[in-house]
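# Examining the three-dimensional arrangement
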Amino acid sequence: MSDYNDVRAHIVSRLERLGAFDKLAEEMPGTRRGNGWDPSKIAETVVRIVPQSLDKLARKAIRPGISRGIADFLRPPYATPRLAGAPTLVYLPLWHVRGYHECFYLREANYRIRVDKDVVAVEVDGETRDLMMEEQESKIVPEAFLRRLKQFSRLFTSERKYFPLNDVIELAVRRGRAEMYVTSDGREGDVLEEVLPSKWKIQRIFEVAQLNVEGTATIIASSKENKERVVERFRERLVKMPETCKNVLSNMFQIEELTQYYVPYVHFPVLRGGKVEHVIINAVSAEIPDERDIKLVKPQLGL
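Residues numbered from 1 in each chain as written. Predicted model: local features only at pLDDT ≥ 70, side-chain atom pairs only at ≥ 80, totals over all residues. Heavy atoms only, no water.

### Quick notes on unusual backbone geometry
- We note that Asp 125 has phi near 55°; this positive angle belongs to a residue other than glycine.
- With respect to the helices and strands, Asp 125 occurs in the loop between strand S5 (122-124) and strand S6 (127-129).
- Backbone geometry places Ala 286, a non-glycine residue, at a positive phi of 60°. (Helix = DSSP H or I, 4+ residues; strand = E, 2+ residues; numbered from the N terminus.)

The structure is reproduced here in structure tokens:
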């Protein structure tokens, strides 16, 4: 029963058969359901973000912008920028998780049952119930006297009235759905497209060797977060147990998707003006990445 409707249908079916909440609570002792409670039961998908061709990326590294291109054009032929070594591909891991939590539970409650103005008495289950008036309590008149006055005057007043129904047991459900990504440096966010545009080409892989690109050295950066820690962080964000609860019947935490992406960056050593520059490019967008990503890539290169 991994779906909300399945659990709800099961509870309704058992309740019709058993006829009481206490018997239902005995039969459903709040067992944890779903794969989210045990990360070892979750099969993650591994995906490679496909880089652009090395030739295109190399041209971008040598002439990253118009102003740089003009400056290079004015250099003498012997000073024309060129690659000073082989490129290195660096992959930064990125986790993405999506799932839901649902909790069916019993809780205690007290009701105020409003009645029409012309009602002067109510009987429930063979027992008469005192009617109360809804006006605010006076702070001057003693409470005991006020209660007696209300008891005798309720037959004649046209004020709105109610009767209390206490110690009620309610069957309730708390449900939430969410997704989360976690970058290699532990930063988290809600929307995957913030860090992984949907237009980028992806490829599912089944072994690390599929990350290699001919003509480059390949480095896979380590991540601060492993699968267990990512699921734990997601659980801390999503799972919110009820504040007031008599019995938990079903506690479902289900991971619907757990994917580890490998985002490629490429490093080119470029000889320019007699000096070697270290150029880092996002190998998917062919753009210079922001300073945060550059700081993550440089240590992998020993820079």
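### A look at the confidence of the model for the protein chain
- Here the protein chain averages 84 in pLDDT, and 84% of its residues register 70 or above.
- Per-residue pLDDT stays below 50 along residues 136-141; that stretch engages in four contacts with residues further than four places along the chain or on separate chains. (pLDDT = per-residue confidence, 0-100. Contact = heavy atoms within 4.5 Å.)

### Some points on the packing of aromatic side chains
- Summed over all chains, the structure comprises three aromatic pairs.
- With 5.5 Å between their ring centres and 70° between their planes, Trp 37 and Phe 253 make a pair best called edge-to-face. Separated by 216 residues along the polypeptide, Trp 37 in the loop between strand S1 (31-33) and strand S2 (45-49) and Phe 253 in strand S12 (residues 247-272) bring together distant segments of the chain.
- What makes Trp 37 buried here is its relative accessible area of 19%.
- Between Tyr 91 and Tyr 262, the aromatic rings sit 6.4 Å apart at their centres with planes inclined by 90°, giving edge-to-face as the arrangement. Of the two residues, Tyr 91 sits in strand S4 (residues 88-115) while Tyr 262 sits in strand S12, which places them 171 residues apart along the sequence.
- By relative accessible area, which is 12% here, Tyr 262 ends up buried.
- Among the aromatic residues, ring-to-ring pairing joins Trp 37, Phe 234 and Phe 253 into one connected group.
- Sitting above the plane of the Trp 37 ring, Arg 32 keeps its charged end 4.1 Å from the centroid.
- Here Arg 175 stacks its cationic end above the ring of Tyr 100, 5.0 Å away from the centre of that ring. (Phe/Tyr/Trp six-rings, centres within 6.5 Å; stacked < 30°, edge-to-face > 60°. Buried < 20%, exposed > 50% of the residue type's maximum accessible area, 1.4 Å probe, protein only. Lys NZ or Arg CZ within 6 Å of the ring centre and 35° of its normal.)

### Some words on the nonpolar core
- Membership of the largest hydrophobic core comes to 18 residues, with the highest contact counts inside it found for Ile 49, Leu 92, Leu 94, Leu 196, Tyr 261 and Val 263.
- Counting only elements with at least two residues in this core, the list comes to S2, S4, S12 and helix H7 (291-301).
- Counting 15 residues, the second-largest nonpolar core is a separate cluster that includes Leu 57, Leu 89, Tyr 91 and Val 279. (Core = buried A, V, L, I, M, F, W, Y, C linked by side-chain atoms within 4.5 Å.)

### Considering the pairing of S4
- Along S4, 20 of the 28 residues are buried, which leaves the element largely enclosed by surrounding structure.
- Pairing of S4 with strand S11 (residues 217-220), which is carried by four bridges, proceeds in the parallel orientation. Within the sheet, the bridge partner assigned to Leu 89 lies in S11 and is Thr 218.
- Sheet topology note: the S4/S12 ladder contains 19 bridges and is antiparallel. Its bridge partner being in S12, Trp 95 is matched across the sheet by Gln 260.
- Of the strand pairs in this sheet, S4 and strand S8 (residues 161-183) are connected by 21 bridges, and their pairing is antiparallel. For Leu 106, the partnering residue across the bridge sits in S8 and is Leu 171. (Pairing = 2+ DSSP bridges.)

### Description of H7
- Taken as a whole, H7 has its buried residues at Asp 293, Ile 294, Leu 296 and Val 297. All buried residues of H7 project into a common sector of 165° when viewed along the axis, lining one side. The exposed set on the far side of H7, more than 90 degrees from its buried face, consists of Lys 295 and Pro 299.
- The inward-facing, buried residues of H7 abut S4, S12 and strand S13 (275-282). (Arc of directions from axis to C-beta.)

### Examining the environment of Asn 282
- For Asn 282, the position within the fold is in strand S13.
- Overall, the relative accessible area of 7% leaves Asn 282 in the buried class.
- When the C-alpha atoms of Asn 282 and Tyr 265 are compared, they prove to be 4.5 Å apart, with 17 residues separating the residues in sequence.
- With residues up to four places along the chain from it excluded, the contact list for Asn 282 reads Leu 57, Trp 200, Pro 264, Tyr 265, Glu 287 and Pro 289.
- One polar contact links the side chain of Asn 282 to the main-chain amide nitrogen of Val 284, over a distance of 2.8 Å.
- For Asn 282, the side chain forms a polar contact with the main-chain nitrogen of Ser 285, separated by 3.1 Å. (Polar contact = N/O pair within 3.5 Å; in protein donor to acceptor, adjacent residues only side chain to side chain.)

### Digging into helix H6 (residues 227-238)
- Between its first and last C-alpha atoms H6 spans 16 Å; for 12 residues at 1.5 Å apiece the expected length is 16 Å, and the two agree.
- Turning to H6, the residues buried within the fold contact S4, S8, strand S9 (188-189) and S12. (Expected span 1.5 Å × (residues − 1).)

### Things to note about the side chain of Thr 216
- With respect to the helices and strands, the residue Thr 216 is situated in the loop between strand S10 (202-204) and S11.
- For Thr 216, a relative accessible area of 16% translates into the label buried.
- Polar contacts involving the side chain of Thr 216 include one to the main-chain carbonyl oxygen of Val 213, which spans 2.9 Å.
- Dropping the residues within four chain positions of it, Thr 216 is found in contact with Leu 54, Pro 87 and Leu 89.

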